[in-house]
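Each chain, letter by letter, is given below.
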Amino acid sequence: MKQRITVSKASITETKLQLEVSETLTGLIPTGQILVDSDQYSFIYLMEAEEDYTYIVLPELTWSVLKSGLDQSLPVSLIGPDQEVELVQFYDELDYIISNIKGNSNYGKEMVVKVEEIF
């Protein structure tokens, strides 16, 4: 099973969108890809590990901050206890995923409604 790291806090500073996690980020490399977990109402940013992927889970409670960061085009940083990593192509992917979800019942009615309410 893939490792899942859930973002516990999202905030915006003057210069960036910060996504905070409690797990170590050592050895994780940003891929620039975002997936959707419509069962858990989450976006998933993929990070490469040595031989597998790690899922950075962006639950619904972070979405309003993601929307603000998207509107301002701020760089996105994933912050763990050991380091900070910039998440490349974050907004391009997020914007693409959101445009696919809107009005698309393949993601489930509830997911579509939640995304359309915030984004």
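Residues numbered from 1 in each chain as written. Predicted model: local features only at pLDDT ≥ 70, side-chain atom pairs only at ≥ 80, totals over all residues. Heavy atoms only, no water.

A few words on the overall build of the chain. On a plain count of helices and strands, the chain comes out with three helices and eight strands. Taken from N to C terminus, the helices and strands of the chain fall in the order β-β-β-β-β-β-α-β-β-α-α. Against the 2.2 N^0.38 benchmark of 14 Å for 119 residues, the chain shows a C-alpha radius of gyration of 14 Å, consistent with a compact globule. Summarising its shape, the C-alpha atoms of the chain cover approximately 40 × 35 × 20 Å along the three principal directions. (Helix = DSSP H or I, 4+ residues; strand = E, 2+ residues; numbered from the N terminus. Rg over C-alpha atoms; globule rule 2.2 N^0.38 Å.)

Across all of its chains, the model carries five aromatic pairs by this definition. Note on Phe 43 and Phe 119: the rings are 6.0 Å apart at their centroids and 70 degrees apart in plane angle, and the pair reads as edge-to-face. Taken together, the positions of Phe 43 in strand S5 (residues 42-48) and Phe 119 in the segment after helix H3 (109-118) put the pair 76 residues apart, joining distant regions of the chain. Of the two residues examined, Phe 43 and Phe 119, each falls in the buried class. A centroid spacing of 5.5 Å and a plane angle of 90 degrees characterise the contact between Phe 90 and Tyr 91, whose relative ring orientation is edge-to-face. The class of Phe 90 is buried, set by a relative accessible area of 2%. Members of the aromatic cluster, connected to one another through ring pairs, are Phe 43, Trp 63 and Phe 119. Of note, Lys 114 hangs over the ring of Tyr 41, and the distance from its end group to the ring centre comes to 4.9 Å. (Phe/Tyr/Trp six-rings, centres within 6.5 Å; stacked < 30°, edge-to-face > 60°. Buried < 20%, exposed > 50% of the residue type's maximum accessible area, 1.4 Å probe, protein only. Lys NZ or Arg CZ within 6 Å of the ring centre and 35° of its normal.)

Strand order across the open sheet formed by four strands is S1-S6-S5-S4, with mixed pairing between neighbours. Each end of this open sheet is capped by a strand with a single partner; those strands are strand S1 (3-6) and strand S4 (29-37). Neighbour to neighbour, the strand axes of the sheet diverge by 30 degrees on average, direction disregarded. Summarising the sheet, S4 and S5 pair through six bridges and their orientation is antiparallel. Looking at the pairing, Pro 30 lines up with Met 47 of S5. (Pairing = 2+ DSSP bridges. Axes fitted to C-alpha atoms, helices over the stretch in contact; angles between N-to-C directions.)

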